[in-house]
Amino acid sequence: MPSVGCCVESAVSPPLGNSFLSTPEIFSSGVPLSTNAVPLTTHWSPELSSDLYRVDGWGAPYFTVNSSGDISVLPHGTDTLPHQEIDLLKVVKKASDPINAGGLGLQLPLVVRFPDVLKNRLESLQSAFDYAVQSEGYEAHYQGVYPVKCNQDRFVVEDIVKFGSGFRFGLEAGSKPELLLAMSSLCKGSSEGLLVCNGFKDAEYISLALVARKLQLNTVIVLEQEEEVDLVIDISHRMAVRPVIGLRAKLRTKHSGHFGSTSGEKGKFGLTTTQILRVVRKLEESGMLDCLQLLHFHIGSQIPSTALLADGVGEAAQVYSELVRLGAGMKFIDIGGGLGIDYDGTKSSDSDVSVGYGLQDYASTVVQAVRFVCDRKNVKHPVICSESGRAIVSHHSVLIFEAVSSTTTRSQELSSVGLQSFVEKLNDDARADYRNLSAAAIRGEYDTCMLYADQLKQRCVEQFKDGNLDIEQLAAVDAVCDFVSKAIGAFDPVRTYHVNLSVFTSIPDFWAIDQLFPIVPIHKLDERPSARGILSDLTCDSDGKIDKFIGGESSLPLHELGSGNGAPYYLGMFLGGAYEEALGGLHNLFGGPSVLRVSQSDSPHSFAVTYAVPGPSCADVLRAMQHEPELMFETLKHRAEEFMHKEEEKEEDKEVAFASLASSLNQSFHNMPYLAPHSSCCFSAAANSGGYYYCNDENIVGVGAECAIGEEEFWPYCVA
């Protein structure tokens, strides 16, 4: 610590050399805070990165760090063979490389979907319940239902219907458009798969659900509000359709975490005990009590423990048994959603971003709770359904984005002469603070050092505001204070990494409800991270940043940018396959990401691209907000033409210049809103917003195949 005092005192006594601030590493104040939470070791390895980012905790069994230091995807979970692993960096390279270099020419950010992971999630859930049914001697079966609100993407829904048809997997809809897509999709699914109709309902919704029943779809209209029963009775009579009816019960059981607010007696949806009895009475009076066949409930998303799960399912099983006693034609108990995801890998029941159980624990708890109540009540075991959307789709997609720049922690370097000049311009009070700072540094009084450093900075700011200190002097005081902070180990070295992303569009749950997702560099994991950072997006909004990470961290270990001749630095957000895409808006008119669908194959790189589409263009997002891009282009074109004619140039030169400018404006409307790759000029598109590439799984094209992204048909314009 005396060395700090010597350097500080050099401004008020004969200079001690030119080392002030130029070599702060001479002070032995411990490891720089930029390496906090990063193990100190001479050698670094992918295994250390895996531990640092907890990949094996939240990523198993689908993500791991490979020997090259890249994130690998294990598309078949624990059944994935070594040659089937997919290097995520190679996928991104295939997507982003120019078409003339064998890539797809897609611009980041990029969502990469892995349907094989989706298939494995469905099979794992079904297998867990099948095992629980068999081991518990349960006398009915399990069949899942996917709530399409989690991710309504066409290929996600179609994959779930296809992969789940062998075990009667169905769909759940909560609105009229969701009902339409569910009806269409289930035409190709299992005839036993349920079409569960949830949400608020009007006459049109109920009529549409009854049409689905006419089309021989296994449709269940779940009553969320008491008045809906009157509509169902009336419309079903008029349409001459015998409905299958369910009802959603408001249970007393709820959990106290963030996601538990949607359940309990004061929850948004469902019927109280009194309302259930009135509904039963109305159905009985209309001769339709046998139509009541399903009980639905929802404890809340991210159920933290199996103890809470058993409590809620047990209460619902009591309600189910009472409905049987009252004469309803009960067949199904729908336990709703709630199967949690371990976002941070801690397997903790005390966290909103983790759960203290696995798939098998969950399934066994449900089956045991239902069997226990039904056996005690002498009630036939019902078919068990669940709406585990988050648990099904979260793992199957990865959001990839690039860090394009970062702030620096290096302060201005001052020589002893420069420091002397700085002190001479201070007023008496500020100079006294400087002397006190020097004395405290010599005595090794850390807290007093920080007190006088803060006081010195504030006095200098006041002098600057009064016009008595120039901007160079203001920068100098920052350098002095930063130096002192570094020397005593109190300096905050966290950098801001600017990422080519909109948090509001691609990770809205982080902004809205503080939902945390694992964020990890997808490469360079064989190198020791040398900095810590928060992530700041492209939007003109202070909330557009990510400064909370799994493990309770307020910053993320990251690597230096620009190493390797300016090579891109890619980050991945994982476990975001549920909700994020549907919830994302158009803040700052940043649209959605590009999308890539990747299947495991026997090609040299272990994967094949089956679907690729660029994200929305500037024109697309403008049109979504009721603007008319074609008219906007015409306005700008005429404006350019008007001012071009005023230029003192030859007519042929004016025509060439106008054509070039009009073409550039046209291109701008068709480019994505995000930052273009470094290799692109300001008016060249990285991808064409109208192009796409798709082939059936039966005829998958490997990564080396030619891309079928077509040329964009730009709006026509003419040279006057």
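Quick caveat, the model's predicted, so the values are computed rather than measured. (Residues numbered from 1 in each chain as written. Predicted model: local features only at pLDDT ≥ 70, side-chain atom pairs only at ≥ 80, totals over all residues. Heavy atoms only, no water.)

A. Broad picture of the overall build of the protein. What the protein contains, in helices and strands, is 24 helices and 23 strands. Per-residue burial over the protein gives 52% buried out of 720 residues. The long-range fraction of contacts in the protein, counting pairs at least 24 apart against all pairs at least 6 apart in sequence, stands at 75%. Here the protein has roughly 31,000 Å² of accessible surface; of this, 51% comes from carbon and sulfur atoms. (Helix = DSSP H or I, 4+ residues; strand = E, 2+ residues; numbered from the N terminus. Buried < 20%, exposed > 50% of the residue type's maximum accessible area, 1.4 Å probe, protein only. Contact = heavy atoms within 4.5 Å. Areas by Shrake-Rupley, 256 points an atom, 1.4 Å probe, with all protein chains shown as cover.)

B. Summary view of the side chain of Glu580. Mapped onto the elements, Glu580 comes out in helix α21 (residues 580–583). Not counting the four nearest positions on each side in its chain, Glu580 is found in contact with Thr505, Ser506, Ile507, Pro508, Asp509 and Phe517.

C. Seen up close, the UniProt feature "active site" (unreviewed entry) in the protein. The positions UniProt marks with the feature "active site" (unreviewed entry) are Cys540. Mapped onto the fold, Cys540 is located in the loop between β16 (531–536) and β17 (545–546). For Cys540, a relative accessible area of 73% puts it in the exposed group. (UniProt positions renumbered as here; feature names shortened; annotations may be inferred.)

D. Geometry of the packing of helix α14 (residues 416–424) against helix α17 (residues 471–487). Relative orientation of the contacting elements α14 and α17 amounts to 115°, with a least axis distance of 10 Å. Here α14 is positioned roughly perpendicular relative to α17, judged by the angle of their axes. Between α14 and α17 lies a crossing whose hand is left-handed. Judged by residue contacts, Leu419, Ser421 and Phe422 of α14 engage Gln473, Ala476, Val477 and Val480 from α17. Residues that form the contact of α14 with α17 fall into these classes: five nonpolar, two polar and no charged. (Axes fitted to C-alpha atoms, helices over the stretch in contact; angles between N-to-C directions. Parallel < 35°, antiparallel > 145°, perpendicular 65-115°, else oblique. Left-handed = near helix turned anticlockwise from the far one by under 90°. Nonpolar A, V, L, I, M, F, W, Y, C, P; charged D, E, K, R; others polar.)

E. View of the pairing of strand β10 (residues 292–296). The buried fraction of β10 is high, at five of five residues. Pairing analysis gives four bridges linking strand β9 (residues 245–248) to β10, with the strands arranged parallel. Each residue of the ladder has a partner; that of Ile245, found in β10, is Leu292. Pairing analysis gives three bridges linking β10 to strand β11 (residues 332–334), with the strands arranged parallel. Paired with His296 across the bridge in β11 is Asp334. Following the chain from β10 across helix α11 (residues 306–325) to the adjacent parallel β11, one finds a crossover that is right-handed. (Pairing = 2+ DSSP bridges. Right-handed = clockwise from strand over helix to strand, strands pointing away.)

F. Broad picture of α17. Relative to the 24 Å expected for 17 residues at 1.5 Å per residue, α17 spans 25 Å between its end C-alpha atoms, a close match to the ideal helical length. For α17, the tally of buried residues reaches twelve of 17 residues, placing the bulk of the element in the interior. For α17, the set of buried residues is Gln473, Leu474, Ala476, Val477, Ala479, Val480, Cys481, Asp482, Phe483, Val484, Ser485 and Ala487. Put simply, Asp470 is the residue that caps the front of α17, since its side-chain oxygen is 3.3 Å from the backbone nitrogen of Glu472. (Expected span 1.5 Å × (residues − 1). Polar contact = N/O pair within 3.5 Å; in protein donor to acceptor, adjacent residues only side chain to side chain.)

G. A look at the packing of aromatic side chains. For the coordinates displayed, the defined rule picks out twelve aromatic pairs. Centroid distance Trp58 to Phe63: 6.2 Å. Interplanar angle 45°. Geometry classified as tilted. Residue classification places Trp58 among the buried positions, given a relative accessible area of 1%. Phe63 gets classed as buried once you look at its relative accessible area, which sits at 3%. (Phe/Tyr/Trp six-rings, centres within 6.5 Å; stacked < 30°, edge-to-face > 60°.)

H. Structural context of the pattern of salt bridges. Tallied over the entire structure, the rule returns 33 salt bridges. The shortest N-O distance in the salt bridge between Arg113 and Asp153 comes to 3.5 Å. One end of the pair, Arg113, is in strand β4 (residues 110–113); the other, Asp153, is in the loop between β5 (145–147) and α6 (154–164), with 40 residues separating them in the sequence. Residue Arg113 is classed as buried on the basis of its relative accessible area of 5%. (Salt bridge = Lys/Arg side-chain N within 4 Å of Asp/Glu carboxyl O.)

I. Expanded view of the sheet that holds strand β6 (residues 170–173). Taking strand neighbours across the sheet as the criterion, the eight strands line up as β5-β6-β7-β8-β9-β10-β11-β12 in an open arrangement whose pairing is parallel. Sheet topology places β5 and β12 (383–385) at the edges, where each strand pairs with a single neighbour. The sheet shows a mean angle of 25° between the axes of neighbouring strands, direction not considered. Pairing analysis gives three bridges linking β5 to β6, with the strands arranged parallel. The partner of Pro147 across the bridge, within β6, is Glu172. Set on the sheet, helix α7 (residues 176–186) makes contact with β6 and β7 (194–197); between it and β6 the angle comes to about 170°. Strand contacts of helix α9 (residues 228–239): β8 (218–223) and β9, with the helix running at about 140° to β8, the strand carrying the most contacts.

J. Main features of the nonpolar core. Formed by 152 residues in total, the largest nonpolar core has its most connected members in Ile71, Tyr146, Leu292, Ile400, Leu535, Phe574 and Leu596. The residues touching Ile71, leaving out its near neighbours within four places in the chain, are Val55, Phe63, Thr64, Val65, Ile86, Asp87, Leu88, Val520, Pro521, Ile522, Leu525 and Phe574. Within the second largest apolar cluster, 20 residues are counted, among which are Leu426, Tyr434, Ala453 and Leu469. (Core = buried A, V, L, I, M, F, W, Y, C linked by side-chain atoms within 4.5 Å.)

K. View of the environment of Ala657. On the secondary structure map, Ala657 appears in helix α24 (residues 651–670). For Ala657, a relative accessible area of 27% gives the class partly exposed. As a C-alpha pair, Ala657 and Glu641 span 16 residues in sequence and 9.7 Å in three-dimensional space.

L. Examining the packing of helix α8 (residues 203–214) against α9 more closely. The N-to-C vectors of α8 and α9 enclose an angle of 50°; their axes lie 10 Å apart at closest approach. Between α8 and α9, the crossing angle belongs to the class labelled oblique. With respect to the hand of their crossing, α8 and α9 are arranged in right-handed fashion. On α9, the residues touching Ala203, Ile206, Ser207, Leu210, Val211 and Lys214 of α8 are Glu228, Leu231, Val232, Ile235, Ser236 and Met239. Of the residues belonging to the contact of α8 with α9, the class tally is eight nonpolar, two polar and two charged.

M. The environment of Ser348, seen in detail. Locating Ser348 in the fold gives a position in the loop between β11 and α12 (359–377). Setting aside anything within four residues of it in sequence, one finds Ser348 in contact with Ser354, Val355 and Gly356.

N. Looking closely at α14. If you check which residues of α14 are buried, you get Ser416, Leu419, Phe422 and Val423. The buried residues of α14 occupy one face: seen down the axis, they fall within an arc of 115°. Residues of α14 that are exposed and angled more than 90 degrees away from the buried face: Val417 and Glu424. (Arc of directions from axis to C-beta.)

O. Here's a closer look at the confidence of the model for the protein. The pLDDT averaged across the protein works out to 85; a share of 83% of its residues lies at or above 70. Counting contacts from residues 9–36, a segment whose pLDDT is below 50, to residues more than four positions away or on other chains yields 56 contacts. Every residue in residues 679–712 scores below 50 in pLDDT, and together they form 78 contacts with partners more than four places removed in sequence or on other chains. (pLDDT = per-residue confidence, 0-100.)

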